[in-house]
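Structural overview for review
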Amino acid sequence: KVVTAPFTVLANLVGSEEELNLLAFPTGSAEPDEAGLAKLAKLAEALTERPKITLRITGRVNPAADRERLQKNALRAEVIEQGLPAQSWEDKDEDWVAVIERRFSNLSGDGSATDELTIRDKYRKVAGNIDVSDQVLVDLAEARAVAVKSHLVNDAGLDADRAVIAQTDLADEGNRFSGAELGVK
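Now for a quick tour of the structure. (Residues numbered from 1 in each chain as written. Predicted model: local features only at pLDDT ≥ 70, side-chain atom pairs only at ≥ 80, totals over all residues. Heavy atoms only, no water.)

1. Some points on the packing of helix α3 (residues 63-81) against helix α6 (residues 119-128)
Closest axis-to-axis distance for the α3/α6 pair is 8 Å, and the angle between their directions is 95°. Classified by the interaxial angle, the pair formed by α3 and α6 is roughly perpendicular. Here Glu68, Gln71, Lys72 and Leu75 of α3 lie close against α6, whose contacting residues are Tyr123, Arg124, Val126, Ala127 and Gly128. Residue composition of the contact of α3 with α6, by class: four nonpolar, two polar and three charged. (Axes fitted to C-alpha atoms, helices over the stretch in contact; angles between N-to-C directions. Helix = DSSP H or I, 4+ residues; strand = E, 2+ residues; numbered from the N terminus. Parallel < 35°, antiparallel > 145°, perpendicular 65-115°, else oblique. Contact = heavy atoms within 4.5 Å. Nonpolar A, V, L, I, M, F, W, Y, C, P; charged D, E, K, R; others polar.)

2. Notes on the sheet that holds strand β4 (residues 179-184)
One open sheet accounts for four strands, arranged β1-β4-β2-β3; its pairing is mixed. Edge strands, defined here as strands with exactly one partner in the open sheet, are β1 (22-24) and β3 (163-165). Each strand of the sheet is rotated relative to its neighbour by a mean of 25°, with strand direction disregarded. Pairing between β1 and β4: three bridges, direction antiparallel. Bridge assignment links Leu23 to a residue of β4, and that residue is Ala180. Sitting on the sheet, helix α2 (residues 34-49) is in contact with β1, β2 (55-60) and β4, with an inclination near 155° to β1. (Pairing = 2+ DSSP bridges.)

3. Section: the pairing of β2
Counting buried residues along β2, five of its six residues qualify, which places the element largely inside the surrounding structure. Strand direction decides the pairing type here: β2 and β3, joined by three bridges, are parallel. Residue pairing across strands places Ile57 opposite Ile165, the latter belonging to β3. In the sheet, β2 pairs with β4 via six bridges, with the strands oriented antiparallel. In the sheet register, Leu55 faces β4, and the bridge partner there is Val184. (Buried < 20%, exposed > 50% of the residue type's maximum accessible area, 1.4 Å probe, protein only.)

4. A closer look at the packing of α3 against helix α7 (residues 134-155)
Relative placement of two packed helices is described by the angle separating their axes and the distance separating the axes. The geometry of α3 relative to α7 is characterised by a closest axis approach of 11 Å and an angle of 100° between their N-to-C directions. Here α3 is positioned roughly perpendicular relative to α7, judged by the angle of their axes. In this structure, α3 uses Pro63, Asp66, Arg67 and Leu70 to contact α7, whose residues at the interface are Asp134, Val136, Leu137, Leu140 and Arg144. Along the lines of polarity and charge, the residues of the contact of α3 with α7 split into five nonpolar, no polar and four charged.

5. What to know about the environment of Ala147
The residue Ala147 is located in helix α7 in this model. On a C-alpha basis, the gap between Ala147 and Gly59 in space is 9.3 Å, while along the polypeptide they are 88 residues apart. Sequence-distant contacts of Ala147, that is, excluding residues within four places in its chain, are made with Phe25, Ala30 and Pro32.

6. Remarks on the packing of aromatic side chains
The final tally for this structure, using the stated rule, is three aromatic pairs. When the centroid spacing of 5.8 Å and the interplanar angle of 70° are considered together, the rings of Trp89 and Tyr123 count as edge-to-face. Of this pair, Trp89 sits in helix α4 (residues 86-91) while Tyr123 is found in helix α6, placing the two residues 34 residues apart along the sequence. In this structure an aromatic cluster arises from ring pairing among Trp89, Trp96 and Tyr123. (Phe/Tyr/Trp six-rings, centres within 6.5 Å; stacked < 30°, edge-to-face > 60°.)

7. Re the side chain of Asp93
Tracing the sequence through the fold places Asp93 in the loop between α4 and α5 (94-108). Lys92 provides the closest opposite charge to the buried, salt-bridge-free Asp93, at an N-O distance of 9.2 Å. Polar side-chain contacts of Asp93 include one of 2.9 Å to the side chain of Ser88. (Lys, Arg positive; Asp, Glu negative; His and termini not counted. Salt bridge = Lys/Arg side-chain N within 4 Å of Asp/Glu carboxyl O. Polar contact = N/O pair within 3.5 Å; in protein donor to acceptor, adjacent residues only side chain to side chain.)

Nothing here speaks to function; it is all geometry.
Below you can see the structure in the form of structure tokens.
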């Protein structure tokens, strides 16, 4: 059973029923949230009980969700850099509406068949027009793997040679969630 389900065994060592091999990250982010950090702490604790286990860390992306979040983040950064107050962005106030309307009108050309779109629809279309390449998604996945290893090594004291970062392949079917997947090497 240790060979077929190492993460179940590790979870049991620390009294957890969580899947310690899957660490979810907020979409578009290379930093784990509080739940992810708590899971990493449990994993680190369990790994101290099994010093011969070496982890393989694979950064993952949900291509659609992560791309959309990165596009929205890029749009936010652009309009704030161009002078929209950050608070206007957060509040989605009339200044935000004006910026989105202006950018949308620049996209749509003649304006036909757009009257029925809500401001949220226009926002999604404007953000969706921002290019986020596949390489950016690969970089995000790899940054997630690095964040996991850094936390385990720097914060939890795991020997660096016990955590190996695997190469990310966007075509891999494992790219169905935003986070990192751990395996035993």
